[in-house]
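# Notes for the structure review
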Amino acid sequence: MPAGRELKTMTRCECAAAHWLRAGDLAVAISIETGAVTGMRHGEWSLLDRTELGRSFRLLVPLPDRRSNYVEGWQQDDPTSSITDDGHTVICSWDGVVDDHGNRHPINVQTRITAQEDRIVFAVELNNKSDHVIENVYFPELGDIQPPPSGHLDYFAYSYATGRRSSIWPNFKSDAHRWTTLGIGYWSHSHPFSLGGSIPTVPWILLEDGAMGVYVGVDEPSVELVTWLAELTPGYGDSLDAETPSGARAAETAAHTVAVRFAAVHVPYIGPGEHRALTPIAMAAYKGDWHAGVDRYKQRRAAWGLDTALPPSWASEPHSWLQLCLKTGEGHRRRVSFAQLPEIAAECAKHGVAAIQLSGWQEGGMDQSYPSCDPDQELGGSEALRTAIARCQQLGVKIVLFTEFIKADRSTEWFHRELANEAVKDPYGDYYMHPGYRFDTITQLLDINTKRLVPMCFLSERYLKICQEEFAKIVLLNADGILHDQAWSHVPALVCFDGSHNHRRAAPVSANDREIVTRFRKECGVGDNFLFACEAPYDWQLDAYQLGYHRSEHPNHSPVSRYLRPDAILMTAVTGFDDRNMINQCLLYRYVISYEPFNFQGRLSDALNTVAYGARMDQLRTELREWVWDATFIDTVGVDVRRSDGSRHHPYSAFRHRDGQIAVVVSNFSGQQTDKLSVIVDGQPTPLRYRLVDDPRWRRVDSNLAIPPRSAAVLIPITASVALAD
C-alpha cells in the first residue's frame, strides 16, 4: 500500500466558510472546505465554538500489523461539497481516504447533514473498495463540547429502567471503573472516557445541565450497534477531583489542547466490497430537565409504530406478585417442592396476591441447565408441576415461569454436544462467556465452583428452533406466562462472527430480541391470556413483552422506563420485611409489587408487615385507578412540591386524568414527619384533597400538607367525586 501525502492540520482560516443549519433552537455550522462540524449553538449556549477543533468523521480500519489504525476526516483532502437548493442539507464526499500513517485506502465516504423540522440529522454512507474491514465509524464526531452558561454539563441516559447521570463539566466522571469486572479500567485508554451504553438498549443520550440540553439519538429503529462516547483530552487537571481543566487550569496544560470530544460510534464491520448506509443520528435542542429531552425521543418513536404490547386482562389490573425460587444449584435450605405450591398459592389468595413467578423450577434449579425447560425431577418432575399449576389456578393464582433463552449453561453435556455450535462467537472463533451467578455457599460466593453461562445467537435459525422446542414444554405445563430473565442483555456479546449461523460477519446479536416472542406466540399456539414478561426490557422490547420486571431499590431512582412508557405494566422487587418505602415507590411510579422476602426464597407470611401495607396501597390505587393507574404518568412535569424553606420535596409524581386534571402522589421516605408542603400544578395553586395509604379519611390540602414518616398520599382535585371525611 503506497504512502500518501503529509497529513494536514486544521487552522481557523480553513474553517471560515461555514454553512449554518438550524432546527428549532439548535444551530450547527458545517465547514464547506473540510466537511467538519465547526460550530454548534443552543441559544446562549455555545456547545462548540473553537473552529480549529471541528471534526467530520473518524474510521477505524485495522491493518494486519496495526489494529489501531485510524482515518481522521479532518486530515483528508478537501471533500466535494454541495448544499441543496433549500439550504437544509450539506453533503460532503471523499473519494478515497488516508490513514494517520499516510497510507491511502480506496474507501469512499459521504456525509449528509440535514435540518429536519425540530432536529438535525447526521447520516453517513461508506463504499469500501479496500481489502480491509471498516470496524468503527465515528459520526457525528464533535471535537469540542463546552458546558452551558451554568458551567455544568452531564450526560444522562438510562439502563435497567432507571436514569443514569454522569458529570462531564466541571468534573469528568469516567465510567471505566464501572466495567473493571469486564476488563476495562483507566488503563484501557490514553485519556478519561465514558461509554454511555449502546443501541438498542440505549437508543439516545442527553447532554444537559438540568435546565437545558441537547438530545442525541437514533433517527430510525435500527439495531445496528452504535455506542455513545465522551472523551476528555488530554486528561484530568487534578485527578483526585476528576477535574475537567478550564480557564487558568487549562492554560497550565499549555502543551496540550483541552477538549471534551463526543461521538456516536458505529460498529458496522463493513467488509471489502460492501457499500452501506449507517444508522442516522439526530440531534435536537430542548429547554427543561431530562423529561424534555426524553420527550424528543418519544416524539420520534411515535413515527416508528413501536406501540406498547397489550397484556392479558388479568395483568392489566392493579395487582401484585410473589417471586419464589424453588431451588438453587447449591440447593438452598428453603427448597420448595412442586407439591407445596398450592399451599403457597392459598396464602397468596388470602392476601390478594394475583400471581407467583417461579424461578429455580428447571432441572438443577436456578440458573442451571439453560435453555432447558424440563422441570426438576428432584422437585417432582413435569406431571407434578403441571398438577400444581392447575391447583394454583383453581385458587385464582396465576403461575408465571422464569426462563432463560439468551444464555446456555456451559457445564452441560448438551452444551458441548450441540449448543456450542449456536453460541455467539468472537472474531477468533471462540464463544463469549458470562461469569454466571453465585448462590448460597461461601464456596460459590468466592466463585470457586460457579457455572459459567454462554450467550447464544438468536440469529441462528437452528437455535431459535431449539428455543421453540423448549418453550413448547412450558405450554404443555399450562402455565400462565413466562418471565424471560435478562432479555435485554447478551453481555458480554454484542455481535456474532459465526458464519455458520447464516448471518453476516459481526451481525448485532440483539436483532431478534423481539422476534423470539413472535415465534413463541405464533409457532407454539399460546392464547391471548398467556403473558410474555421479561427482566428490564429496553424500550423497543415493550412492543413485544407485555410486562417488565426490574429492581429499583434506591431513594433517588429516576423512573425513566415508566416515563418512556406510561401505559406499560412494570414491576419492581420489594424485598424488605417492613418495606413501606418500596411500596410507596410502587404507588409513585405505577409499579406492580413483586414480594420477595428472603431475596425471593421466602413466603408472604415471612413479611406480613410489608404485605399488609402493600395490600392497603393496592386497595387505594384500585379505588382511585382512574387517577393513579389508568391515568397517564407524567412524573414531575408541570407539578412542583415545595417545603416551607422553598426547597423541592422528593419524591413525588403526577398523573394526568383522561379529563386533563392532575393527581399527585407525595411520599415521605424519611423517618420524621414532613410538614408544610405546598403543591403547585401547572404554575398555580390548585384546590386538592388527599388521603394516606394507611388512613382512609380524606382531607383538604391547605398550606400545611403533612406526610407521616415512611408514608404516601394521593392528592386529587377537590371537585373529584370522592366523599370528603370530616
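This one's a predicted model, so the numbers in the text were calculated from it and none came from an experiment. (Residues numbered from 1 in each chain as written. Predicted model: local features only at pLDDT ≥ 70, side-chain atom pairs only at ≥ 80, totals over all residues. Heavy atoms only, no water.)

## Concerning the overall build of the protein chain
A tally of helices and strands in the protein chain yields 14 helices and 42 strands. In terms of overall dimensions, the protein chain is globule-like: its C-alpha atoms have a radius of gyration of 28 Å, near the 27 Å expected for 726 residues. Summarising its shape, the C-alpha atoms of the protein chain cover approximately 80 × 70 × 50 Å along the three principal directions. Looking at the 726 residues of the protein chain, the share that counts as buried comes to 59%. Once local pairs closer than 6 in sequence are excluded, the contacts in the protein chain between residues at least 24 apart make up 68%. (Helix = DSSP H or I, 4+ residues; strand = E, 2+ residues; numbered from the N terminus. Rg over C-alpha atoms; globule rule 2.2 N^0.38 Å. Buried < 20%, exposed > 50% of the residue type's maximum accessible area, 1.4 Å probe, protein only. Contact = heavy atoms within 4.5 Å.)

## Topic: the pattern of salt bridges
With the rule as written, the count across this model stands at 44 salt bridges. Here Asp376 and Lys327 are joined by a salt bridge, their closest N and O atoms 3.1 Å apart. Note that Asp376 is positioned in the loop between strand 22 (355-359) and helix 5 (381-394) and Lys327 in the loop between strand 21 (320-325) and helix 4 (341-350), a separation of 49 residues in sequence. Overall, Lys327 belongs to the buried group, its relative accessible area being 8%. (Salt bridge = Lys/Arg side-chain N within 4 Å of Asp/Glu carboxyl O.)

## A short note on the sheet that holds strand 14 (residues 193-198)
What links the strands of a sheet is backbone hydrogen bonding, and the strands pair in either a parallel or an antiparallel sense. If you walk across this open sheet you meet the six strands as 6-5-11-18-17-14, and the pairing is antiparallel. The sheet is open, and its two borders are formed by strand 6 (70-72) and strand 14, each paired with just one other strand. With direction set aside, neighbouring strand axes in the sheet form an average angle of 20 degrees. (Pairing = 2+ DSSP bridges. Axes fitted to C-alpha atoms, helices over the stretch in contact; angles between N-to-C directions.)

## Examining the nonpolar core
The nonpolar side chains of a soluble globular protein tend to be buried with one another. If you look at the biggest cluster of nonpolar residues, it comprises 160 residues, and the most contacted ones within it are Leu59, Trp204, Ile356, Leu358, Trp361, Phe405 and Phe471. Judged by nonpolar contacts, the second largest core, of 18 residues, contains Ile634, Val639, Val641 and Ile662. (Core = buried A, V, L, I, M, F, W, Y, C linked by side-chain atoms within 4.5 Å.)

## Details of the state of the cysteines
For the structure on display, the rule yields zero disulfides. Summary of cysteine pairing: Cys325 is not part of a disulfide, and the nearest cysteine sulfur, belonging to Cys348, is at 15 Å. Summary of cysteine pairing: Cys392 is not part of a disulfide, and the nearest cysteine sulfur, belonging to Cys348, is at 8.3 Å. Taking relative accessible area as the criterion, Cys392 reaches 0% and is therefore assigned buried. (Disulfide = S-S within 2.5 Å.)

## A few points about the pairing of strand 3 (residues 37-42)
Buried residues dominate strand 3, accounting for five of its six residues. Hairpin connection of strand 2 (residues 26-31) to strand 3: five residues between the antiparallel strands, including Gly35 at a positive phi of 80 degrees. With three bridges joining them, strand 3 and strand 4 (residues 45-48) adopt antiparallel strand pairing. Bridge assignment links His42 to a residue of strand 4, and that residue is Trp45. Between strand 3 and strand 4, which pair antiparallel one after the other, the connecting turn spans two residues, and Gly43 there sits at a positive phi close to 60 degrees.

## Describing the confidence of the model for the protein chain
Here the protein chain averages 92 in pLDDT, and 94% of its residues register 70 or above. Here residues 1-7 is modelled with pLDDT under 50, and outside its nearest four sequence neighbours on either side it reaches 21 contacts, counting other chains as well. (pLDDT = per-residue confidence, 0-100.)

## Structural notes on the sheet that holds strand 2
In space, the four strands of this open sheet follow the order 1-2-3-4, with antiparallel pairing throughout. Edge positions in the sheet fall to strand 1 (18-23) and strand 4, since each has one partner strand and no second. When strand polarity is set aside, the average angle formed by the axes of neighbouring strands in this sheet is 20 degrees. Sheet topology places strand 2 next to strand 3; five bridges connect them, and they run antiparallel. Residue pairing for strand 3: Leu26 is matched across the bridge by His42.

## Focus: the packing of aromatic side chains
By the definition in use, this model includes 23 aromatic pairs. With 5.1 Å between their ring centres and 55 degrees between their planes, Phe530 and Phe532 make a pair best called tilted. Here Phe530 matches Phe532 in class, with each residue buried. Linked through ring pairs, Tyr158, Trp204, Tyr297, Trp304 and Trp540 together constitute an aromatic cluster. If you follow Arg58 out to its NZ or CZ, it ends over the ring of Tyr70, 4.0 Å from the centre. (Phe/Tyr/Trp six-rings, centres within 6.5 Å; stacked < 30°, edge-to-face > 60°. Lys NZ or Arg CZ within 6 Å of the ring centre and 35° of its normal.)

## A word on a nonpolar patch on the surface
The grouping of Ile442, Leu445, Leu446 and Ile448 at the surface amounts to a nonpolar patch, some 440 Å² of accessible area in total. Within the secondary structure layout, Leu446 lies in the loop between helix 7 (442-445) and strand 25 (453-455). Residue Leu446 is classed as exposed on the basis of its relative accessible area, which comes to 58%. (Patch = residues over 30% accessible without salt bridge, like charges linked within 9 Å, V, L, I, M, F, W, Y side chains within 5 Å. Areas by Shrake-Rupley, 256 points an atom, 1.4 Å probe, with all protein chains shown as cover.)

## Brief notes about the side chain of Thr34
For Thr34, the position within the fold is in the loop between strand 2 and strand 3. Residue Thr34 is classed as buried on the basis of its relative accessible area, which comes to 4%. Here Ser31 takes part through its side chain, which lies 3.1 Å from a polar atom of the side chain of Thr34. Within polar-contact distance, the side chain of Thr34 engages the backbone nitrogen of Ala36 at 3.2 Å. (Polar contact = N/O pair within 3.5 Å; in protein donor to acceptor, adjacent residues only side chain to side chain.)

## Structural notes on the side chain of Arg519
Relative to the helices and strands, Arg519 is located in helix 9 (residues 515-523). A distance of 2.8 Å separates a polar atom in the side chain of Arg519 from a polar atom in the side chain of Glu461. Contacts of Arg519, omitting those with residues within four sequence positions, involve Glu461, Leu464, Gln468 and Cys524.

## Some points on helix 8 (residues 461-477)
The end-to-end C-alpha distance of helix 8 is 25 Å, a good match for the 24 Å that 17 residues give at a rise of 1.5 Å each. For helix 8, every residue scored as buried is listed here: Tyr463, Leu464, Ile466, Cys467, Gln468, Glu470, Phe471, Ile474 and Leu477. Where the residues of helix 8 are buried, they touch helix 5, strand 23 (398-403), helix 6 (413-417), strand 26 (481-484), helix 9 and strand 29 (531-535). Following helix 8 by one or two positions, Asn478 has its phi on the positive side, about 65 degrees. (Expected span 1.5 Å × (residues − 1).)

## As for helix 4
An α-helical turn contains 3.6 residues, so any two residues separated by three or four positions project in the same direction. For helix 4, the set of buried residues is Leu341, Pro342, Ile344, Ala345, Glu347 and Cys348. Count one or two residues on from helix 4 and you reach Gly352, which has phi positive near 75 degrees.

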